[in-house]
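In case you want the letters, here they are:
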Amino acid sequence: MMKFRFRRQGADPQREKLKQELFAFHKTVEHGFPNQPSALAFDPELRIMAIGTRSGAVKIYGAPGVEFTGLHRDAATVTQMHFLPGQGRVLTLLDDDSLHLWEIVHHDGCAHLEEAIHFQAPSRPGFDGASGLPSLAHITVVLLVAAGDMAALGTEGGSIFFLDVPTLTLLEGQTLGPDEVLRSVPDDYRCGKALGPVESLQGHLRDPTKILIGYSRGLLVIWNQAARCAERIFLGNQQLESVCWERSGHTVVSSHSDGSYAIWAADTGDSPTAQPTVATTPYGPFPCKAINKVLWRSCASGEHFVIFSGGMPRASYGDRHCVSVLQAETLVTLDFTSRVIDFFTVHSTRPEDEFDEPQALAVLLEEELVVLDLQTPGWPAVPAPYLAPLHSSAITCSAHVANVPAKLWARIVSAGEQQSPQPASGASWWGGALGLTPPLRSHEDGTVRFWDASGVALRPLYKLCTAGLFQTDCEHADSLAQAAEDDWPPFRKVGCFDPYSDDPRLGVQKVALCKYTAQMVVAGTAGQVLVLELSDTPAEQTVGVASLDLLQDREGFTWKGHERLSPRLGPLPWPAGFQPRALVQCLPPAAVTAVTLHAEWGLVAFGTSHGFGLFDYLRRSPVLARCTLHPSDSLAMEGPLSRVKSLKKSLRQSFRRIRKSRASGKKRTVAGSKLQEANAQLAEQAGPQDVEVTPVQRRIEPRSADDSLSGVVRCLYFADTFLRDAAHHGPTMWAGTNSGSVFAYALEVPAAVAGGEKRPERAVEAVLGKEVQLMHRAPVVAIAVLDGRGRPLPEPYEASRDLAQAPDMQGGHAVLIASEEQFKVFTLPKVSAKTKFKLTAHEGCRVRKVALATFASVACEDYTETCLACLTNLGDVHVFSVPGLRPQVHYACIRKEDISGIASCVFTRHGQGFYLISPSEFERFSLSARNITEPLCSLDVRWPRGATHIRSRESPKLSQANGTPGIILAPQSCDGSPDPICKEADTPEPPEAMLSPMSIDSATSADTTLDTTGDMTVEDVKDFLG
């Protein structure tokens, strides 16, 4: 019979107001390195840098935390960017030949990046028929002249057009055609050949009327725009790639397609000049690749810098991505692992200075930004304060640790500084404040990286490498490669991006950290579980190894996957930082799917696709091993690296499901016809204003018990609660599997000796107390025990050290079990159902990520609520009350097609979250109305006199660079500061009115998210393909 429930007339206004004070969805900032960068610019006056991407994003970076983001309306590639010096304006050129002027403006006390006006180049020939101007078909190069008031546009046809920058309109009568230049060229050089496209335009630092023009054929011309004549002509014969004009104007340097560069004297000799002063091929004499860009930087010592990209010997090193730095007799070939996009030097640009005196070299690569200190001998690399590549190795899992104690924070920072000490001269370039919320990023190469996530800029703190504990096949290959490496060219490996994993078995799958004891567990792809402890001094020690057979000698199973990693024997040296204390090897060596640590009890639990185990790392002894395999789980024995698939079995299972659904449908049709008629009559009798019908629930087919991978352990949990009876509480361990099974074990943990780490001789015992099987056999995503007040239990050591409120042990406890289809609360110790919410039946979606978070009110400083936040396979975020499981709010967060983003999502304890929007970027969002981390920054710019803001149209709210919905960052205005400054809002204090997030709508994007490694399940792929 259809269920009815009476309701109040209308919603509770008090509760609705409280929801607005607790919850608010806000996408705040993008952490990491921009995906697919394509252009670079630098403003030497404001010391800000701009990066453009292939998706049309514009990102401006200043001091750490100063970030501005914009997005072109058309998803076109940004090919060039140019700052108007000191004005906070940047001119961008897209591959569709459109020019866009962006400016950092202040509006209502806030500053943000906004597109002021744009210009679309006419593409038809002879667009100005009256003047007979050539076609502006394709813009190849842009040069800002006259302090940025005018721009010269070089085209593919060899013409140069001039543009008024404030209005982005073409200047009539200023166009310079190739025919006008050819009049000054000797007849024998013309030979009926065209000059080709304009490859380079360079301005004179002291005389803005002069322009150096470089044509593809090799011709260089110093053109006086005021006198409309050519002052100097250099008759080059090699195809031109780039040109650099020395600041005094006496020297011109050109690079060519044959791997050579030439130096021309512009102050002496007759014009035209046929031969350069110096012409050299740095990596000759064999054929070399083109030198794409060259820079000449003068020094007072007379030892000038020549910096260029490319030019490698084509046969031997044609696949290398290199930038060469030459000073006098010193040559260094910087070897990178990704393609070079652009580079610039930080040097003096004041006209009164005689020399450049470069301080640093910044190289933008496809996957990272590398900065070199040119004032320190050896030109060391300088760690950047931001834009560090999160994906230096493929990200395999992420974890967030909030409210880290100051002592542990200082120890981690100290260990990181010992790994990569800062150069002395680099201290004046970078700066930033520390916070106390580091996330952990685990990678495919066996490393765990700690990042400072307390502010806008994600700053690297420390890197843990676990590969040194194991023997890998790559070591011999590396030694051979180093022995075969020649001394010429003088390569130097620079950068930390490494796309190649030494051994895929080293990949880290799960991490767990106890912030009070500085102990950590790292679990990997080959079943290795590593227990580590933080040490402030280097040490040499032997790591104890233990094996745990999860199959328990069960017959009929044969492991067909990868082999286990072989640990190194004997004492091993370990640097300061996290050092291994024990190694547990799961057998079979399948990837670890769940791990949890309880440092107060000295226990670590871990699970794989075969079962779960419990290990006492204080006594170095196993406690429990439980196999969760079903007799038909043959696929679990193949491992993630095996390509063996059972096609017959999958087809058989598919037909079996179809047959079951048809049979059950026929039975329900006959038996339920009379029941439907009775329900319809009853519904007509009841008034619609007095009752509310419960939402229509979708019919969910129970999952078969013999589904493949049903034994995968999805979650593990420790709790001090009531399991055996209602009078005695004690340590327990909970495990949830892919088939909807929940195992609860009662633990007997002997008390440790006071002041010591060693446990008494009596071992830890585990006894199975309860076993729950969910009806629909949906995978169990998370388990949490609630105390008598309905609050989650504190973390280990929080209650004993008075760092959190002690749990209520007088009232009855409850356990919250979250599966992919529903949330259910059971009473303890009877394990009887109390409340539930069927998410799949009501919303038609499945749960992917779940976390308990504390939401603080913006109106009352002391009022908080603990709620359940979940992310579904449709990309929506839902928030439910605990323990009542009443829906509070839900937001569209991630595109449902973005499987990698959904799989990589991580919630924090205070209502924030992270997810991958590209292989190199994390999107940060907030569900809390109070805890928000967003850029609040200002920029002191110099506007020319009489300058006005021009708006071609009202700028709508732009999506963020990756195409996901977001808002324009509105930094706060702070007057009187000569440098870019930033204020970060991630504090428990109530934010000001300007911090309250505005309501934003959902947006979609056609961008394709690249595949990244994450906590992805078979169901994710099924949802995407279905």
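Looking at an unreviewed UniProt entry, one finds the chain named LLGL scribble cell polarity complex component 1, with Bos taurus as its source organism.

**Observations concerning the overall build of the chain**
Broken down by element type, the chain carries eleven helices and 66 strands. For the chain, the proportion of its 1026 residues judged to be buried stands at 53%. When the accessible area of the chain is evaluated, it comes to approximately 45,200 Å², of which 51% is carbon and sulfur surface.

**Notes on the packing of aromatic side chains**
A complete count under the given rule lists 21 aromatic pairs for this structure. For the ring pair Phe25 and Phe925, a centre distance of 6.1 Å and an interplane angle of 40° mean the geometry is tilted. With Phe25 in strand β2 (residues 23–32) and Phe925 in strand β64 (residues 921–928), the pair connects residues that are 900 residues apart, well separated along the chain. Each member of the pair, Phe25 as well as Phe925, carries the same accessibility label: buried. Members of the aromatic cluster, each reached through a chain of ring pairs, are Phe25, Tyr891, Phe907, Tyr915 and Phe925. Positioned above the aromatic ring of Phe343 is the side chain of Lys293, whose terminal nitrogen or guanidinium carbon lies 4.9 Å from the ring centre. Here the guanidinium or amino end of Arg320 rests over the ring plane of Phe491, the centre of that ring lying 4.3 Å away.

**Structural notes on the pattern of salt bridges**
Across all of its chains, the model carries 27 salt bridges by this definition. Across the salt bridge formed by Glu366 and Arg339, the nearest N and O atoms sit 3.4 Å from each other. You can see Glu366 sitting in the loop between β28 (360–365) and β29 (369–373) and its partner Arg339 sitting in the loop between β26 (330–336) and β27 (340–346), a full 27 residues away along the chain. Across the salt bridge formed by Glu533 and Arg581, the nearest N and O atoms sit 3.4 Å from each other. With Glu533 in strand β39 (residues 528–535) and Arg581 in strand β44 (residues 577–587), the pair connects residues that are 48 residues apart, well separated along the chain. Take Glu533: its relative accessible area is 16%, and that puts it in the buried class. Linked through salt bridges whose partners overlap, the residues forming this network are Glu30, Lys59 and Glu921.

**Notes on helix α1 (residues 13–22)**
For α1, the complete set of buried residues consists of Leu18, Lys19, Glu21 and Leu22. An end-on view of α1 places all buried positions within 160° of arc, on one side of the element. The exposed residues of α1 that point more than 90 degrees off its buried face are Pro13, Lys17 and Gln20. Where the residues of α1 are buried, they touch β2, β58 (847–856), β59 (864–872), β61 (887–892) and β64.

**Quick notes on unusual backbone geometry**
Residue Pro829 is reached from Leu828 by a cis peptide bond, and omega for that bond is 5°. Take Pro829: it is sitting in the loop between β56 (823–827) and β57 (832–837). The backbone phi angle of Leu387 is positive, close to 60°, even though this residue is not glycine. Checked against the element boundaries, Leu387 lands in the loop between β30 (381–382) and β31 (395–400).

**Overview of the pairing of strand β15 (residues 198–203)**
For β15 and strand β16 (residues 210–215), the ladder comprises five bridges, and the chain directions are antiparallel. Counterpart to Leu201 in the pairing with β16 is Ile213. If you look at the hairpin formed by β15 and β16, you'll find six residues sitting between the two strands.

**Observations regarding the sheet that holds strand β7 (residues 78–84)**
Across a sheet, strands are paired by hydrogen bonds formed along the backbone, either parallel or antiparallel in direction. Pairing is antiparallel in the open sheet, where four strands are placed in the order β7-β8-β9-β10. Unpaired on one side and paired on the other, β7 and β10 (110–120) mark the two borders of the sheet. Put simply, the sheet's adjacent strands are angled 25° from each other on average, direction ignored. Strand direction decides the pairing type here: strand β8 (residues 89–94) and strand β9 (residues 98–107), joined by five bridges, are antiparallel.

**Focus on the confidence of the model for the chain**
Of the residues in the chain, 77% have a pLDDT of 70 or more, and the chain-wide mean is 82. Counted against residues more than four places away or in other chains, residues 126–134, with its pLDDT under 50, gives eleven contacts.

**A word on the environment of Met520**
Tracing the backbone through its elements, the reader meets Met520 in strand β38 (residues 519–524). Since its relative accessible area comes to 0%, Met520 is described here as buried. Between the alpha carbons of Met520 and Thr596 there is a distance of 9.7 Å; along the sequence they are 76 residues apart. If sequence neighbours within four positions are ignored, Met520 has contacts with Leu440, Phe450, Leu464, Ala512, Leu513, Leu530, Val531, Leu532, Phe578 and Leu597.

**Here we look at the environment of Asp353**
When you line up the elements, Asp353 lands in the loop between β27 and β28. Along the primary structure Asp353 and Ser248 are separated by 105 residues, whereas in three dimensions their C-alpha atoms are 9.8 Å apart. For Asp353, the contacting residues outside a window of four places in its chain are Arg206, Arg247 and Ser348. Among the polar contacts made by the side chain of Asp353, one reaches the side chain of Ser348 at a distance of 2.4 Å. Separated by 3.0 Å, the side chains of Asp353 and Arg350 make a polar contact.

**Re the environment of Thr251**
Summarising the element assignment, Thr251 is placed in strand β20 (residues 251–256). Considered as a pair, Thr251 and Thr277 are 26 residues apart in the sequence and their alpha carbons are 9.6 Å apart. The residues touching Thr251, leaving out its near neighbours within four places in the chain, are Cys244, Trp245, Glu246, Ile263, Trp264 and Ala266.

**What about the side chain of Gln327?**
In this fold, Gln327 is placed in strand β25 (residues 321–327). On the basis of relative accessibility, which here comes to 16%, the residue Gln327 falls in the buried class. At 3.1 Å, the side chain of Gln327 and the backbone oxygen of Glu303 are in polar contact.

**Observations concerning the sheet that holds β44**
With respect to topology, five strands assemble into an open sheet ordered β37-β38-β39-β44-β41, the strand pairing being mixed. The sheet is open, and its two edges are formed by β37 (508–514) and β41 (544–549), each paired on a single side. With strand direction ignored, the average angle separating the axes of adjacent strands in the sheet is 20°. Looking at chain direction, β41 and β44 are connected through six bridges and run parallel. Paired with Val545 across the two strands is Leu583, which belongs to β44.

**Considering helix α5 (residues 406–419)**
An ideal rise of 1.5 Å per residue puts 20 Å on 14 residues; α5 measures up with 20 Å between its terminal C-alpha atoms. Restricting attention to buried positions, one finds in α5 the residues Leu408, Trp409, Ile412, Val413, Ala415 and Gly416. End-on, the buried residues of α5 take up no more than an arc of 160°, which puts them together on one face. Seen from the buried face of α5, the exposed residues on the opposite side, beyond 90 degrees, are Ala406, Lys407 and Glu417. For α5, the secondary structure elements touched by its buried residues are β33 (447–452), β34 (459–465), β39 and β44.

Thresholds, definitions, all that
- Residues numbered from 1 in each chain as written.
- Predicted model: local features only at pLDDT ≥ 70, side-chain atom pairs only at ≥ 80, totals over all residues.
- Heavy atoms only, no water.
- Helix = DSSP H or I, 4+ residues; strand = E, 2+ residues; numbered from the N terminus.
- Buried < 20%, exposed > 50% of the residue type's maximum accessible area, 1.4 Å probe, protein only.
- Areas by Shrake-Rupley, 256 points an atom, 1.4 Å probe, with all protein chains shown as cover.
- Phe/Tyr/Trp six-rings, centres within 6.5 Å; stacked < 30°, edge-to-face > 60°.
- Lys NZ or Arg CZ within 6 Å of the ring centre and 35° of its normal.
- Salt bridge = Lys/Arg side-chain N within 4 Å of Asp/Glu carboxyl O.
- Arc of directions from axis to C-beta.
- Contact = heavy atoms within 4.5 Å.
- Pairing = 2+ DSSP bridges.
- Axes fitted to C-alpha atoms, helices over the stretch in contact; angles between N-to-C directions.
- pLDDT = per-residue confidence, 0-100.
- Polar contact = N/O pair within 3.5 Å; in protein donor to acceptor, adjacent residues only side chain to side chain.
- Expected span 1.5 Å × (residues − 1).

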